Amino acid sequence: MSEDAASTHHISMKGGGYYSKATTGAKDVIDGGTPLILEALASMDIPDEARPFTMADSGCADGGTSVTMLKTVLSEVRRRAPNRPIQMIYTDLPRNDFSQVFRNIHGETDIETYVDDIDNLYVFASATSFHKPIFPPGTLNLGFSATASHYISKKPCTIVNHVHMVGAEGAERDAYIEQGRVDWESMLLNRANDLAVGGKLALFNFGIDEEGRYLGATGGVNMFDTFSEIWAEFRDDGVITAGEYRDTNFPQSYRTVEQFTAPFLQEDNPVYKAGLRMEHVETRVVACPYEVDFRDHGDAAKFAREYIPTLRSWSETTFAAGLSPTRSSEEAQDILDRYFDAYEARVRAMPVGHAMDYVHCYLIVEKV
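Residues numbered from 1 in each chain as written. Predicted model: local features only at pLDDT ≥ 70, side-chain atom pairs only at ≥ 80, totals over all residues. Heavy atoms only, no water.

A few words now on the environment of Trp314. Within the secondary structure layout, Trp314 lies in helix α12 (residues 300-322). When its relative accessible area of 8% is taken as the criterion, Trp314 is described as buried. Spatially, the C-alpha atom of Trp314 lies 20 Å from that of Glu330, the residues being 16 residues apart in sequence. Within the structure, Trp314 has its side chain in polar contact with the backbone oxygen of Thr310 (distance 3.0 Å). (Helix = DSSP H or I, 4+ residues; strand = E, 2+ residues; numbered from the N terminus. Buried < 20%, exposed > 50% of the residue type's maximum accessible area, 1.4 Å probe, protein only. Polar contact = N/O pair within 3.5 Å; in protein donor to acceptor, adjacent residues only side chain to side chain.)

Here it is in C-alpha cells:
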C-alpha cells in the first residue's frame, strides 16, 4: 500500500451516530464560535435574489456537532433574505457515514435539527476531500470547517518512535510541518476558487497555541504520548508487531498561529494573490467536558468510562490502519477493543491529569 493510500483512504470518524454522541467537546467549540460566524455574516451582502445562498460544513463527520450553530446561522440568512433559496452542503471523505448525516439532519435521531424550521432550504452532501475543489467556481457564500483541517492529504514519512507529529523530532517532524504547510495552502486555494467575491470562511482548527498547548496537552497527562505508550506496550508484549507499531501514524499536522496566518499576510503567497484576507484570528482552549464533570462527581470509573469514547471516536481508524491487512477483521477488532480498554484502565487507576482539552485557532477569512 502506498503512503498516500495508507494515510488518507482509511480516515473517517466512527459512524452510526457514535461520533457526535461521544464528542460533546467538539460541539462546544462550534457553539462557542457561533458569535464569530454571526459577526462575519453581519458584514456580508446577502441580497434577496433567486440565486441560491450556499453554505458548507467541510469535514462534517455525522453533522451532529454543528447542527445548533447551523440553525442559528441559517435562520439569520433566512431573516436577511426571506425568499432566497438556501443550499446547505455537507462535505467529508468518501468513507464518512453520510447516511447518519441525513438521518441526523432530517430528524430521524434524537438530535434537534433545523431542517423543518427554515423554508426554501435544500440539503446536499459531497464526498470530496477539502484538498480538492468542491463547488463550481464562485458559488460558495459561507464556508465552515471545524476540527478537520489538521488532517493532511498524505503521510510524508513514517514516525518511528511515536504515533503523532507532536511527538516526532528532527526530519520526521519537519516533514509533517512541511506537508501541513502545503496542504493548508492547497485547501485555502481551493476554497478561494469555490468562494464568491465577498464570501467568507469560518475555520476553527486544531493547532498549537502561543503557549505551546495542543489537543490533550494543556498541562496534565499528554494524550498523544499516552496513545503511543500503550501501543508500544502492545508491541513489547507481542500483541502487535514492531512493524504495526511503526506503521501507526496519525495523518495530521498541528500548525502554530504563525503557520496558520502566513498565507494571508505574505503578498507573494498564492493564497493572498487569490484574494483571501484574514479578518480575525484568536486561539482558545475549550475544557474537556468529561474532565470538568469529573471534578464535580469524583468517580474515576465513571470518568474513564465516559472519557475514552471521545478519544476512540476519531482515533480508532488510525490504529486500525496500522494493523497488518493479513489479520482477520475479528482479530483486528479484538486488538482495538483491548487497546481502548487498556487506556480506560489507565485513566480509572490514575484519573488526575487526563483530559482532552480542545486547542483551536479560530479564523475568519474573506474573499476580496
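Continuing now.
Of all the residues in helix α5 (residues 98-105), the buried ones are Phe98, Gln100, Val101, Asn104 and Ile105. Around the axis of α5, the buried residues are gathered within 155° of arc, so they sit on the same side. A positive backbone phi angle near 75° is found at Gly107, which sits one or two residues after α5. (Arc of directions from axis to C-beta.)

Between its first and last C-alpha, helix α7 (residues 223-236) extends 20 Å over 14 residues, near the 20 Å set by a 1.5 Å rise per residue. Among the residues of α7, Met223, Phe224, Thr226, Phe227, Ser228, Ile230, Trp231, Ala232 and Phe234 are the ones counted as buried. On its buried face, α7 is in contact with α8 (242-246), α12 and α13 (329-349). Sitting at the head of α7, Asn222 places a side-chain oxygen 3.0 Å from the backbone nitrogen of Phe224. Downstream of α7 by one or two residues, Gly238 has phi in the positive range, about 85°. (Expected span 1.5 Å × (residues − 1). Contact = heavy atoms within 4.5 Å.)

Turning our attention to unusual backbone geometry. We note that Asn120 has phi near 60°; this positive angle belongs to a residue other than glycine. Tracing the chain through its elements places Asn120 in the loop between α5 and β3 (121-126). Within the chain, Thr147 stands out as a residue other than glycine whose phi angle is a positive 55°. Note on Thr147: relative accessible area 13%, which makes it buried.

Turning our attention to the pairing of strand β8 (residues 358-367). Counted residue by residue, β8 has nine buried out of 10 residues, so it is predominantly covered. Pairing of strand β5 (residues 195-208) with β8, which is carried by seven bridges, proceeds in the antiparallel orientation. Looking at β8, one finds that Phe204 is bridged to Tyr362. (Pairing = 2+ DSSP bridges.)

In this section: the pattern of salt bridges. The final tally for this structure, using the stated rule, is 26 salt bridges. Measuring nitrogen to oxygen at the nearest pair gives 3.5 Å for the salt bridge that ties Glu344 to Arg348. Of this pair, Glu344 and Arg348 are both found in helix α13, four residues apart, which corresponds to roughly one turn of the helix. Given a relative accessible area of 19%, Glu344 falls into the buried group. By sharing partners, the salt bridges in this structure join Glu49, Arg51 and Arg84 into a single network. (Salt bridge = Lys/Arg side-chain N within 4 Å of Asp/Glu carboxyl O.)

On to the nonpolar core. A general tendency of soluble globular proteins is for nonpolar side chains to be buried together. Met55, Tyr114, Met223, Phe224, Phe227, Trp231 and Tyr307 are the most contacted members of the largest nonpolar core, which has 87 residues in total. Sort the elements by how many residues they give to this core and α12 lands first, with eight residues. In this structure, Phe224 is in contact with His162, Val163, His164, Val166, Tyr214, Leu215, Phe250, Gln252, Tyr254 and Trp314, ignoring residues within four places of it in sequence. (Core = buried A, V, L, I, M, F, W, Y, C linked by side-chain atoms within 4.5 Å.)

What follows covers the packing of α7 against α13. For the pair α7 and α13, interaxial distance at closest approach is 10 Å and the crossing angle is 125°. By the angle between their directions, the pair α7 and α13 is classed as oblique. α7 and α13 meet at a crossing whose hand is right-handed. In contact with Met223, Thr226, Phe227, Glu229, Ile230, Trp231, Glu233 and Phe234 of α7, α13 contributes Ile335, Arg338, Tyr339, Phe340, Ala342, Tyr343 and Arg346. For the contact of α7 with α13, the residue count by class is 10 nonpolar, one polar and four charged. (Axes fitted to C-alpha atoms, helices over the stretch in contact; angles between N-to-C directions. Parallel < 35°, antiparallel > 145°, perpendicular 65-115°, else oblique. Left-handed = near helix turned anticlockwise from the far one by under 90°. Nonpolar A, V, L, I, M, F, W, Y, C, P; charged D, E, K, R; others polar.)

It is worth spelling out the pairing of strand β2 (residues 86-91) at this point. Counting buried residues in β2 gives five out of six residues, a clear majority hidden from the surface. Relative to β2, strand β1 (residues 53-58) runs parallel, the two sharing six bridges. Following the sheet pairing, Ala56 is matched in β2 by Ile89. Handedness of the β1-helix α4 (residues 67-80)-β2 crossover: right-handed. Relative to β3, β2 is paired through six bridges, and the arrangement is parallel. What sits directly across from Tyr90, in β3, is Ala125. (Right-handed = clockwise from strand over helix to strand, strands pointing away.)

With that out of the way, let us pick up the confidence of the model for the chain. The pLDDT averaged across the chain works out to 94; a share of 94% of its residues lies at or above 70. Note on residues 1-15: pLDDT under 50 across the span, and 40 contacts to partners over four residues away in sequence or across chains. (pLDDT = per-residue confidence, 0-100.)

Before going further, it helps to examine the environment of Arg255. By the element assignment, Arg255 lies in strand β6 (residues 255-256). According to the relative accessible area criterion, Arg255 is buried, its value standing at 3%. What Arg255 contacts, discounting residues up to four positions off in sequence, is Ser149, His150, Gly180, Asp183, Trp184, Gly207, Ile208 and Phe260. From its side chain, Arg255 meets the backbone oxygen of Gly180 in a polar contact 3.1 Å long.

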